[in-house]
Amino acid sequence: MDRFKSFKDSCSFGLLANIENIPSFQNTTDAISVLKRMTHRGSMSKDGKSGDGCGILFSLPKEFFKIEAKNLKIDLPKQYAIAMVFLQNEEQKRVIEEICHENDLKVILYRNVPINSKALGDEALKKMPKIVQIFVTPKSLIATKRFDALIYLARREIESALKDDEEFYIASFSDKLIVYKGLMMPSFIEEFYQDLSNPLFKTTFAIIHQRFSTDTTPSWSRAQPFRTLAHNGEINSVNSNLFHATTKGKRIKSQIFTFGELKKLLPITHNKQSDSAMLDNMFEFLLLNGIDFFKAARSLIPAPWENAPHMDSSLRAFYEFTSASYEPWDGPAAVSLTDGRYVGCILDRNGLRPAKYIITKDSRIIVASEFGVIDIDEENILEHGSLQSGQMMGIDLKFGKVMKNEEINDYLKDSNPYTHWLNQNLVYLQEFVEIPFSKTSDYELENLHHLQRFFNITQEVKELIITPMAKDGKEGTGSMGDDTPLASFSKKQRTFMDFFKQKFAQVINSPIDPIREKIVMSLNVGFGEYRNVLKETPNHAKRIKTISPILMQEKFEILKSFGDESKPRYNQAYKNKAFSTLFKSDLKGSLEKLANSVVRAVKEEGVRVVFLDDRGVNEECLAMPMAMAVGRVNQALQKEDILHKASIVAITAEVFDAHSSACLIAYGASAIYPYLFYATVFNECKSDENSLFETKTYLKNSNHALGQGLLKILSKMGIATISSYKNSSLFDIIGLCKEIAKECFPNSHLLIPGLSYEDIETRLIENHKKAFLLDKVQKTFPLELGGFYKYLDGGEYHDFNPSVVHAVHLASITGKKEDYEKVKELINSRKERMVRDFLNIKSDRKPIDINEVEPVEEIWKRFSSAAMSLGSISPEAHEALAEAFNTMGAMSNSGEGGELPSRLKSFKNSKIKQIASGRFGVTPSYLRSAQEIQIKVAQGAKPGEGGQLPGHKVTPLIASLRYTTPGVTLISPPSHHDSSSIEDLAQLVFDLKQVNPEALIAVKIVSTAGIGAIAAGLVKSYADKIIISGSEGGTGAASQSSIKYAGNPWELGLSEVQRVLKANNLRQKVLLETDGGLKVGLDIVKAAMLGAEKFAFGTLALAIIGCKILRVCHLNRCSVGIATQDERLREHFVGTKERLINYFTLLAQDVREILATLGYTKLEDLIGRTDLLKTSNKKFDFSEILHYEEGINRWGKRVNKPFDNNEFEKEILKEVYKVIENSRENIVLHKDIKNSNRSFGALISGEIAKFYGNEGLPENSIRFILNGVAGQSLGAFLASGITIRLNGVTNDYLGKGMSGGKIVIVPKKQGAHYFSAGNSCLYGATNGKVFIAGSVGERFCVRNSGATAVVEGVGDHACEYMTGGIVVVLGKMGINFGAGMTGGIAFVYDKEHGFIDKLNQELVSAMRIDMDEADEARHFLKRLLLTHVNETKSLKAQYILENFRQEVRYFWMVRPKDMMKVPLKPEDGD
Amino acid sequence: MQNFINIERVELRQKKVSERVKDFKQSYELFNKEDATTQASRCIQCGDPFCHDRCPLHNYIPFWLRATYFVKEELAFNLSNESNPFPEITGRVCPQDRLCEGSCSLNDGHGAVTIGAIETYISEQAFKKGLKPKFPGITTDKKVAIIGSGPAGLSAATFLLRAGIKVSIYEKELKPGGLLTYAIPGFKLDKDVVFRRVNWLKEAGLELHLGKEVGKDIDFDEIINSHDASFIAIGQEGSRRPNITNENAPRVMMAIDFLRLSQKKLLGEEVEDSTHLKDKNIVVIGGGDTAMDCLRVAIREGAKSAKCIYRRDKSSMPGSNKDFKIALEEGAKFSFNAAPKEILVNSDGEAIGLNMQKTIIEKDPKSLKESIKMVKGSEFKVDADLIIFALGFISKKSNFLAENGVEIDKFGHIVVNENLETTKPSVYAGGDCQRGSDLVVTAAADGKRAAQNIIKSLLL
């Protein structure tokens, strides 16, 4: 899809039903109410009325339609269906009639749906279709029997007949359901569709959806629900799913549809619609083909079963069996679905979206993103719960029964003898391997050095990439950014995979932590063909499986033996054939030949496993790039409709890191045998004279590391299983030509089209020649040294090479123009290295005198330092940056990690405060001290990844700033745990705008294709500023492959964002900033012309204060005292604020000089002026970057105000202000609260922090007694002195970032089965107390570093990444408790003895406390429980206290293994 | 690695003064294994390896330091010898404080990594274990002639031989090595170290013609006609002279002649002038490394006194601080801010001393350039039995070049293009004769570059 028109969406959803299937108008009005109450989760156009779309799917209100038809003089027969159609013209009606007719259906009535167009905003009105209901009946007896099937068939045919009428759309076509949807805000749906206020419109169930899309040109058809479902979330694996849907489609035989009919139904889905719509197409197809509702649902969105030891084995068998036919549609998802009889709701495997449910005594069920969406008397509530990760629930309306997860599972696992089928048919490669890595003959290569040279394994690669894998089983870590040219612009030998840049999740979806949440991850792969996925037979289990796509000699040989006719194990289902990828000349033709011969072999010889083999490179033969071979062959097989038969295995020398493995898998390889990689390790072991055991271990480690790296790459995109990553094409390709992209990698975005097959061949020939130079010249050391990761003479170009570093040092020290000229000269004469080097400025004006140009000070205002936390850099460096930027009237960025309270009100205050996923030191006073709050969603060096500050770097100072314990390792999660979707991010922006109404809210994202849509979404989330970070951006530590292969240059992202924002008329609403390798005036001017109005400097700023690009930031050995906390090293710090001011003066002067030559007085006038940029390069196509979009070029200097004004809290703030004015006073306020009153407490806390810092007010100065259901983020960033007591329940993010105060939640009904708060509560809390007499959702206390909390039950992943604080759980808990927990303590009451299975024991251990040595802990707990009882009247706690002697033995105390002493302060227990 | 934080820089230990002045043997002790590994472990492994960048040969310093730390001795040896034709020589004679060690990231207060000492260790350790540089033998039918067996010539020969090209070297002296042999004294560079390399080259197929001066013993065009390419590496042996009265008097010598003479005697070659320095007063004019070498040679030859006179102050001395300190330790005397005015001679016309003049450094307030001014009326006399001028080198005219179409510029340097090819096709030149007087390592770098270009033109 065109990325300039692409969009992403996410949303809120709900479902409600009368379990007894009794229709009522109440049900209809409730559905509308649910929709309205979640308005804040959607987005709104500027007309205030058009939304991104919302809608409701209802059970067909038959009575209503009967009467309506009658009014139109039609007596409806018993059997009829209604198509709800968005029409543009009468011709379309004719087509519909005709196709219905052909399908034995008869149109009996057109009903113009009564609407009130005044309910629409202008945007929506412009596109409003004619909305017509078309009533259809069967025309023959057969048609009566096959009515459902024929309706479906007819609809699909109509759709395909009218596919060129873009706006034509059939919202629903069913005899059971009808969908009312459109581009209005929820509050107007009822007004628009007059049917919905007719009391006869009685329904039994409804599925509700409100959309939040990143585009501003939404269309009516994109509104949800679709025909079978409504989806909240993002399907990260949709490319892969779409591809596989096509592949599988070719093999389908239906029992419902004839071959001819089926042909009309294929492809099942297509990519011109949203991910949710594709899922709907798939689900509907399965249902209509007779697949059971629950099976269809769980096939598409399975629970994580691969690494879930607690799961019932027969349920695992069901999933394992299903996995042969289906890969997960993976990504955050809360989906409600229906087939008319069943209504269900399902949550993704990682529980990243909320789904809260209520079952009432009067047989109703409501599932929604939030609690409080309809008013229900608490007395009427039977159950108040929340779906957990991977769970499903359903309602069988026929029998009036609610089915919970276990029941559904029981049904699924018993529906067929899956275990038996698997036992008979499925084999694991591992079963045949005695000891892996005991065979090494494949790794003893005669021409090892030639191959290493040809495939670019340099000494550097060995040391930095391969050795760490072999030794530690992990990818090597590096630091700083990537300052080398793109592969396409390089003059040096590069691997082909360098053209590919990894995709990653940001804003609209979120990455996964593959280490802490490995429970959901899987690398399981299978070989064997796709069978008819509509059937379940024992034969479907016929698969060879292995736990990782990375093979070693043993597994490879076994796999081979299964397909080798001469071997006893031979089975024709796995018949294999090897195809060499070597060639002598004519790369393009050779690829073609290869593809043809593979196609022939699969078609004619029955080959099922295709080995693409690059072994045997010699002085005559070169190897085709393996990614090209895999991509080309895969596409050829798909085109021939035979891909379902074959699996591709790459036997390749090209894979020696996770990135290259991922490339091959993303373009179609099922497995990889990286022989040269092993050979390199093996040879190294040999020359080190390692023992056999060591050698084996090293080889094993290497294999493991590749697997781990793969997990990281897929988790970066938010994908959990390799099966949903395969064929995903999740890379951007930079610099290959369109022909290559089309033939080999058609589903990836191609940026800067350029190099042809011939160019690639020329490069290969050069590499080959160079590799075989060994035969001509005896080298003492046979390999090339490298230069790709670190600078080397004669190696790859580095923008921060030694000369540049020296020149920057000198210029910053002397402040002399002639010294700066040296820097300028070095950078500006580097030739075509970076994207910007290809863009030349051609001004439309005559030069002017420099005195007419705006002064240096004006230019400085546009500068800021890039985020570098105190912790990642030393206090000296951090303060020098702050002082210098403050002196210049520019802004320094604190980075996330807190700042000394004494600095916040001084000249050393960083004006930009960053908030990242770790929430370290993010307190109300920290946030309040900012002029700009920057949400770091991703950073250039490692988008989609978290980080770690090792314990030895956590000095007392760092610990105090981050509210943790010195020496405790601090883990930053890859994602913000309060933001896995765009509406979450809008909520976070809202939270921050409350706590600091004076600050601009910025969001930092990383350049990638499709970033324009993301930026548009950010504007609609009310962000004020967007930072487009380039891949050149630095880091304190990241794996080498992330530094190199994730993220694109900023030029690409910036120009896309500028273009998309302008096209959507959004540009004036936000500021744009860019960073990544900016050094001289020309960089600034070009960035401005591409759209940036602000510029940030990271590495350059460090170089100015003495950084020598040592790239050892991650080792705490920074010899210049910057990236270290070591006092001895900090003595060597030579940076000063003067040096910074010197350099930035010269830089600003440089900008001024350029402005003068261009004839412009202000930089402002050049912003967005791509019309003044030209390129003279003929090889590469820069037209996308240079495209000039008409429209406003820059920010309109107005804050992007949320439509929710938060009047609720503003009014309350007025009431409590006297207490803030006079801290000796106190106040108690009683208020009613609703779910739409969000972030309550943040505004007041911010006000308190403004005056009192984190000290806040004396305890209980301000007390709120709230009644009702509170909205999201209740008590966010709560300050000391505030007590919130809620009689009722609340939603997600309770107490996030709280730094003091107290929150007490007392629902009317208590206990573990009564959910009283949502997900990610207390995220990043630093202090304060929380008592909840009920259960909470997933990820409770994630990254808590100081708060004390007592709850009666928690969901999955509780206490994740916790570094401090105390948590008591008195009841049920989910899985993966304490993952990544490096500090703090949890007490868990485990009467059912199930806890240990749910504990993630990697970092924590659990001990009993009913013995003498735990005396202290026991009494602490007791005191805490007493407080809990006092606050909440908890019956459970009371019972435990009354029977403490007995009950104490059911408690576990969980604490980090490497924390020796329990830091309990008795006073915290009170 | 990165152990600089815990380990201090340790330099090579000089032998006791009383011991080392007794002979011309190596005056220092090489690193042992422990020294080498612990010192190597101090390396940061920078992202911008300034050492490697600064090194004219672009030696793979961080790589072999790492290999040394991990005790991968063969790897270290291979890496070190790949880029460098004779690391154990440059390790000994390079002014590291001005090159790799001077630019080491740690040379800002932490103390640079002792790169030179480790470089020497790596090869010496490997030789002890029996490792040798690898050559394929003569595998091509190509032949290259090299004129001069100094560092540039030997370097070129090494790289050409690695490509299987037959190399013939023509050397006017009786021993190979050029200034490695005749100008650098043995206490800095043991001659066996040089001859060891030459012998390996001979084993690899080098034909070495000693005592053959081109233009005199053998015709230049004969050489170039019988080879596919030639490389001129004849160095720059002319000395800069003081231009004062009596500078050609007996007992006045130019440093290079003095050092060569001394070395020839040690090698047992026949010499015309067999002056013994025993109990004589020696005065050396100049403040560079060559001056220090002359002083130390004089001391070892038994001079009564060895005095150095330099026209600027101590801090302006152009040579390495290390050499100055060593000379001082060994008993050399120093006198600063004085310049020779004339040489005093006895009735036989032999030099007996100098008339000196005090100097003063003046800074131009505008250009900030410094210039030396004589102080009027500050003349004083210095007695001397031998006066040595160490004022630097200039080129010596070689007639055969111009005669054969090899262009020479006004400084007497051979003109070359970016491939080091002279104006005569297939004739290359490098080292001091082309660039002017410079370091061993730059000469070696030129030799390597020329060889690479010759290989490219002959084989690829």
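Conventions used here
- Residues numbered from 1 in each chain as written.
- Chains lettered and ligands numbered in written order.
- Predicted model: local features only at pLDDT ≥ 70, side-chain atom pairs only at ≥ 80, totals over all residues.
- Heavy atoms only, no water.
- Buried < 20%, exposed > 50% of the residue type's maximum accessible area, 1.4 Å probe, protein only.
- Helix = DSSP H or I, 4+ residues; strand = E, 2+ residues; numbered from the N terminus.
- Pairing = 2+ DSSP bridges.
- Right-handed = clockwise from strand over helix to strand, strands pointing away.
- Expected span 1.5 Å × (residues − 1).
- Contact = heavy atoms within 4.5 Å.
- Buried area = accessible area lost by both parts, 1.4 Å probe.
- Salt bridge = Lys/Arg side-chain N within 4 Å of Asp/Glu carboxyl O.
- Polar contact = N/O pair within 3.5 Å; in protein donor to acceptor, adjacent residues only side chain to side chain.
- pLDDT = per-residue confidence, 0-100.
- Core = buried A, V, L, I, M, F, W, Y, C linked by side-chain atoms within 4.5 Å.
- Axes fitted to C-alpha atoms, helices over the stretch in contact; angles between N-to-C directions.

**A look at the pairing of strand β40 (residues 1094-1097) of chain A**
All names here are of chain A.
Point 1. Across the two faces of β40 the burial is the same, with Lys1094 and Ala1096 and Phe1095 and Phe1097 all buried.
Point 2. Here three bridges tie strand β31 (residues 863-865) to β40, and the two strands are oriented parallel to one another. For serine 865, the partnering residue across the bridge sits in β40 and is phenylalanine 1097.
Point 3. In the sheet, strand β39 (residues 1071-1075) pairs with β40 via three bridges, with the strands oriented parallel. Residue glutamate 1073 lies in a different strand from β40, and its bridge partner there is lysine 1094.
Point 4. Viewed along the sheet, the connection from β39 through helix α36 (residues 1081-1089) into β40 turns out right-handed.

**Remarks on helix α14 (residues 289-300) of chain B**
All names here are of chain B.
Point 1. With twelve residues, α14 extends 17 Å between its outermost C-alpha atoms, agreeing within 8% with the 16 Å of an ideal straight helix rising 1.5 Å per residue.
Point 2. Of all twelve residues that make up α14, eleven are buried, and the element is covered over most of its length.
Point 3. Positioned one or two residues after α14, glycine 302 has a phi angle of 95°, which is positive.

**Remarks on the interface of chain B and chain A**
Point 1. Counting from both sides, the interface comprises 40 residues of chain B and, opposite them, 36 residues of chain A.
Point 2. For the pair chain B and chain A, the summed buried area comes to about 3500 Å², and 58% of that belongs to carbon and sulfur atoms.
Point 3. For the chain B face of the interface with chain A, the top three residues by lost area are Ile5, Asp48 and Phe63 of chain B, together amounting to 18%.
Point 4. Applying the counting rule to chain B against chain A returns five salt bridges.
Point 5. For arginine 66 of chain B, the salt bridge identified is with glutamate 463 of chain A, shortest N-O distance 3.6 Å.
Point 6. One can count 21 residue pairs in polar contact (both at pLDDT 80 or more) joining chain B with chain A.
Point 7. Mapped by element, the contributors of at least two residues to the side of chain B that touches chain A are α3 (50-54), α4 (61-69), α5 (73-83) and α18 (440-459) of chain B.

**Considering the confidence of the model for chain B**
Point 1. In the predicted model, chain B carries a mean pLDDT of 93, and the fraction of residues at 70 or more is 100%.
Point 2. Across the interfaces of the predicted complex, the ipTM metric reaches 0.93, alongside a pTM of 0.94.

**Here we look at the nonpolar core**
Residue and element names in this part refer to chain A.
Point 1. In this structure, Leu612, Phe745, Phe863 and Phe1144 are the most contacted members of the largest nonpolar core, which totals 253 residues.
Point 2. What phenylalanine 745 contacts, discounting residues up to four positions off in sequence, is Phe496, Phe500, Ala627, Met628, Gly631, Tyr667, Ile733, Leu736 and Ile740.
Point 3. Judged by nonpolar contacts, the second largest core, of 157 residues, contains Ile99, Val107, Ile158 and Phe294.

**Concerning the environment of glutamate 460 of chain A**
Point 1. The topology assignment puts glutamate 460 of chain A in helix α16 (residues 459-472).
Point 2. Classification of glutamate 460 of chain A as buried rests on a relative accessible area of 3%.
Point 3. In this structure the C-alpha to C-alpha distance between glutamate 460 of chain A and histidine 976 of chain A, which are 516 residues apart in sequence, comes to 35 Å.
Point 4. Residues contacting glutamate 460 of chain A, with those up to four places away along its chain left out, are Ile465, Leu785, Gly786, Gly787, Phe788, Tyr789 and Lys790 of chain A together with Phe63 of chain B.
Point 5. A polar side-chain atom of glutamate 460 of chain A sits 2.7 Å from the main-chain amide nitrogen of lysine 790 of chain A.

**What to know about the side chain of arginine 298 of chain A**
Point 1. Tracing the backbone shows arginine 298 of chain A in helix α11 (residues 293-300).
Point 2. Side chain to side chain, arginine 298 of chain A and tyrosine 319 of chain A meet in a polar contact 3.5 Å long.

**Considering helix α44 (residues 1415-1432) of chain A**
Residue and element names in this part refer to chain A.
Point 1. Here α44 spans 26 Å end to end across 18 residues, near enough to the 26 Å set by a 1.5 Å rise per residue.
Point 2. Three or more residues of α44 are buried, namely Ala1417, Arg1418, Phe1420, Leu1421, Leu1424, Leu1425, Thr1427, His1428, Val1429, Glu1431 and Thr1432.
Point 3. After α44 finishes, the residue lysine 1433 shows a positive phi value of roughly 60°.

**Digging into the side chain of lysine 1302 of chain A**
All names here are of chain A.
Point 1. One can find lysine 1302 in strand β45 (residues 1299-1305).
Point 2. Residue classification places lysine 1302 among the buried positions, given a relative accessible area of 13%.
Point 3. Side-chain polar atoms of lysine 1302 contact the side chain of glutamate 1431, separated by 2.6 Å.
Point 4. With residues up to four places along the chain from it excluded, the contact list for lysine 1302 reads Glu1259, Leu1278, Ile1282, Thr1283, Ile1284, Lys1329, Phe1331 and Glu1431.

**Quick notes on the sheet that holds strand β21 (residues 543-546) of chain A**
Residues and elements named next belong to chain A.
Point 1. Pairing is mixed across the open sheet formed by three strands, whose spatial order is β17-β21-β20. Every interior strand has two partners, whereas the edge strands, β17 (426-428) and β20 (525-527), have only one. With direction set aside, neighbouring strand axes in the sheet form an average angle of 30°.
Point 2. As defined by bridge partners, β17 adjoins β21 across three bridges and the pair is classed as parallel. Paired with tyrosine 428 across the bridge in β21 is lysine 545.

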